[in-house]
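Take a look at the letters that make up each chain.
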Amino acid sequence: MSAKVLERFPAGAPRGSWPAEEYAAARRAEGEPATVVMDLKSDAFLVVVERRENDGRA
């Protein structure tokens, strides 16, 4: 399995703001199985889509 990063969001968003979650929810509404993960090294939230390496889309 591999992951494609769709978008990055800094972890320091204003209190009560969840831009990564909102972006992922919009992608899921379009049929893309997006999830949010935390990249500790860059202190950012990543919206990713997991792909099977043999499906030709990775």
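Report follows, based on the coordinates. No experiment lies behind these values; they were computed from the predicted model shown.

With respect to the packing of aromatic side chains
- Evaluation of the coordinates by the stated rule reveals 1 aromatic pair.
- Taking the ring centre of Y23 as reference, the NZ or CZ of R27 above it sits at 4.4 Å.

Some remarks on the sheet that holds strand β2 (residues 34-39)
- Across the sheet, which stays open at both edges, the 3 strands sit in the order β1-β3-β2 with antiparallel pairing between neighbours. The open sheet is flanked by β1 (2-10) and β2, the only strands paired with a single partner. Along the sheet, successive strands turn relative to each other by an average axial angle of 35°, direction set aside.
- Bridge count for β1 against strand β3 (residues 44-51) is 8 bridges, and the pairing is antiparallel. Residue pairing in the sheet places R8 in a bridge with L46 of β3.

Quick word on the pairing of β2
- Direction of pairing for β2 relative to β3: antiparallel, over a ladder of 6 bridges. Within β3, the residue paired with V37 across the bridge is L46.
- Counted along the chain from β2 to the antiparallel partner β3, the turn is 4 residues long, and its residue D43 has a positive phi close to 55°.

As for the environment of P33
- Note that P33 resides in the loop between α1 (19-29) and β2.
- In the structure, P33 is positioned 18 residues away from R51 in sequence and 9.6 Å away in space, judged by C-alpha atoms.

What counts and what doesn't
Residues numbered from 1 in each chain as written. Predicted model: local features only at pLDDT ≥ 70, side-chain atom pairs only at ≥ 80, totals over all residues. Heavy atoms only, no water. Phe/Tyr/Trp six-rings, centres within 6.5 Å; stacked < 30°, edge-to-face > 60°. Lys NZ or Arg CZ within 6 Å of the ring centre and 35° of its normal. Pairing = 2+ DSSP bridges. Helix = DSSP H or I, 4+ residues; strand = E, 2+ residues; numbered from the N terminus. Axes fitted to C-alpha atoms, helices over the stretch in contact; angles between N-to-C directions.

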